Amino acid sequence: MKTCVVLLLLTVSFPVMALALEESTHLQFDLQGRSLYSENNFTDVKNPYQGVDSFLVAKAGLWFETSRIVGPYLELIPVHTTEDEFWWQRNVQAGVGLQVYPFALQDNRFLKAVRLFGLAAYREYYDQPDDQEAEDSDLQVGADYYFDNILVADEILTASIYLSAGYRKTNFALEDYEDFLWSGNLNVGPKFCFGGTTVFPCAVLDWTQSPGYKERWWENFARVGGALRIYPFAGHADRDGEPVFLRDLAARFQIFGEVLSNVSWLGDEAPDVVEETDIRAGIAFATGGLFRD
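Here goes a summary of the coordinates provided.

Procedures and definitions
- Residues numbered from 1 in each chain as written.
- Predicted model: local features only at pLDDT ≥ 70, side-chain atom pairs only at ≥ 80, totals over all residues.
- Heavy atoms only, no water.
- Phe/Tyr/Trp six-rings, centres within 6.5 Å; stacked < 30°, edge-to-face > 60°.
- Helix = DSSP H or I, 4+ residues; strand = E, 2+ residues; numbered from the N terminus.
- Buried < 20%, exposed > 50% of the residue type's maximum accessible area, 1.4 Å probe, protein only.
- Lys NZ or Arg CZ within 6 Å of the ring centre and 35° of its normal.
- Polar contact = N/O pair within 3.5 Å; in protein donor to acceptor, adjacent residues only side chain to side chain.
- Contact = heavy atoms within 4.5 Å.
- Patch = residues over 30% accessible without salt bridge, like charges linked within 9 Å, V, L, I, M, F, W, Y side chains within 5 Å.
- Areas by Shrake-Rupley, 256 points an atom, 1.4 Å probe, with all protein chains shown as cover.
- Salt bridge = Lys/Arg side-chain N within 4 Å of Asp/Glu carboxyl O.
- Lys, Arg positive; Asp, Glu negative; His and termini not counted.
- Charge placed at Lys NZ, Arg CZ, Asp CG, Glu CD.
- Pairing = 2+ DSSP bridges.
- Core = buried A, V, L, I, M, F, W, Y, C linked by side-chain atoms within 4.5 Å.

### Focus: the packing of aromatic side chains
Within a pair of aromatic rings, the relevant descriptors are the distance that separates the centres and the angle that separates the planes.
Phase 1 of the analysis: Applying the stated criterion to the full structure yields 11 aromatic pairs.
Phase 2 of the analysis: For the pair Trp87 and Trp88, a centre-to-centre distance of 5.8 Å together with 85° between the ring planes defines the contact as edge-to-face.
Phase 3 of the analysis: Judged by centre distance (4.5 Å) and plane angle (10°), the ring pair of Tyr177 and Tyr213 falls under stacked. Pair noted here: Tyr177 is in the loop between strand 7 (157-168) and strand 8 (179-190) and Tyr213 is in the loop between strand 10 (197-209) and strand 11 (221-231), with a separation of 36 residues, a long-range link.
Phase 4 of the analysis: Residue classification places Tyr177 among the buried positions, given a relative accessible area of 1%.
Phase 5 of the analysis: Residue class for Tyr213 comes out buried when judged on its relative accessible area of 13%.
Phase 6 of the analysis: Three or more aromatic residues link up through ring pairs in this structure, and these residues are Tyr49, Phe86, Trp87, Trp88 and Tyr125.
Phase 7 of the analysis: One Lys or Arg, Arg123, reaches over the ring of Phe172 and ends 3.9 Å from the middle of that ring.

Structure below.
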């Protein structure tokens, strides 16, 4: 428990450090977070789910050169759920890794956010029952990618794309998990700007697959749906004179609602009690450095 308190205090202090050191070309601080209500959450543990899940990613990178291509990084990820049955989703994860952006110097904006990484991570479960066990460490090697043009006001057709693929040693699930896991999330639609507010209605595609573990149906799915995302402070992206870190947080803050339907189990079929539609609502935020802005 003491470890969790220390890690949470360090996480909360990240914005202060970022503001103090944001002019450095070798140091980079970023935050990303989300708090999400789910009506069903595609689970067989509790039905209906009707819970709120939240996470915060606090990331610090040290770049070897000013182009920010290669360097080590640290990350802290507190996670919480309101539902007692899901105790393993009450944890704090700490990790250290190495990241490489191989196309960082390319003029092509679609390629510069490709990231290669290796990560060693540890979790402490702060509400773990005495009679339960969980893997507390993982080794990950892979690649991810993020692109969006949400803050580009003169581009009406808008997309946000997130892709991730790689090896997981335990996946915080099994001692010998040792499998390839890949996932993605795609949002596409028009956006409408009203003063400093951006409204983004979009179609959504969301998927995850672990080919070696088809029996883990909750890791093998494809879902489609629709969402409405509102960025009430998107206009802050163009404000000069404000600290970059706070400007980014404001511009990418969003309020959203979405409806998703499971269209395919990419492994074994889920139990019949699992609802195949979910209604969700929440808030999310991020700083631009995570997206190479």
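### A short note on the side chain of Arg229
Phase 1 of the analysis: Turning to its location among the elements, Arg229 is positioned in strand 11.
Phase 2 of the analysis: Of the polar contacts made by the side chain of Arg229, one reaches the side chain of Asn187; its length is 2.9 Å.
Phase 3 of the analysis: Setting aside anything within four residues of it in sequence, one finds Arg229 in contact with Asn187, Thr198, Val199, Phe200, Cys202, Val204, Gln254, Ile255, Phe256 and Glu258.

### Focus: a negative patch on the surface
Phase 1 of the analysis: Judged by side-chain charge, Glu215, Asp268, Glu269, Glu275 and Glu276 come together as a negatively charged surface patch.
Phase 2 of the analysis: Here Asp268 shows up in the loop between strand 12 (254-265) and strand 13 (277-286).

### With respect to the pairing of strand 7
Look at any regular strand and the pattern is simple: side chains alternate between the two faces of the sheet.
Phase 1 of the analysis: By the bridge criterion, nine bridges tie strand 6 (residues 137-148) to strand 7 in an arrangement that is antiparallel. Paired with Ala143 across the bridge in strand 7 is Ala165.
Phase 2 of the analysis: Of the strand pairs in this sheet, strand 7 and strand 8 are connected by 12 bridges, and their pairing is antiparallel. Within strand 8, the position partnered with Ala165 by the bridge is Trp182.

### Regarding a nonpolar patch on the surface
Phase 1 of the analysis: Together, Leu139, Val141 and Tyr167 make up a nonpolar patch on the protein surface, roughly 240 Å² of accessible area in all.
Phase 2 of the analysis: Here Leu139 is to be found in strand 6.

### Quick word on the nonpolar core
Phase 1 of the analysis: Core analysis: the largest hydrophobic core is formed by 14 residues, its most contacted members being Trp265 and Val274.
Phase 2 of the analysis: For this core, the elements supplying multiple residues, two or more each, are strand 10, strand 11 and strand 12.
Phase 3 of the analysis: Excluding its chain neighbours within four sequence positions, the residues that come into contact with Trp265 are Trp217, Asn220, Phe221, Arg223, Ala270, Val274 and Glu276.
Phase 4 of the analysis: Counting residues in hydrophobic clusters, the runner-up holds seven residues, among them Phe117, Leu119, Ala121 and Tyr125.

### A short note on the environment of Pro201
Phase 1 of the analysis: As for its placement among the helices and strands, Pro201 is situated in strand 10.
Phase 2 of the analysis: Apart from residues no more than four positions distant in its own chain, Pro201 is found in contact with Val188, Gly189, Pro190, Phe192, Ala227 and Leu228.

### Considering the pattern of salt bridges
Oppositely charged side chains may form a pair once their charged atoms are brought near each other.
Phase 1 of the analysis: Scanning the entire structure with this criterion turns up 11 salt bridges.
Phase 2 of the analysis: Linking Glu83 and Lys46 is a salt bridge whose minimum nitrogen-to-oxygen distance equals 3.0 Å. Of this pair, Glu83 sits in the loop between strand 3 (70-81) and strand 4 (91-100) while Lys46 sits in the loop between strand 1 (27-38) and strand 2 (51-62); the two residues are 37 residues apart in sequence, bridging distant segments of the chain.
Phase 3 of the analysis: The exposure class assigned to Glu83 is buried, which follows from its relative accessible area of 10%.
Phase 4 of the analysis: For Arg109, the salt bridge is made with Glu155, and the minimal N-O distance between the two is 3.1 Å. In this pair, Arg109 sits in the loop between strand 4 and strand 5 (115-125) while Glu155 sits in the loop between strand 6 and strand 7, placing the two residues 46 residues apart along the sequence.
Phase 5 of the analysis: The class for Arg109 is partly exposed, based on a relative accessible area of 34%.

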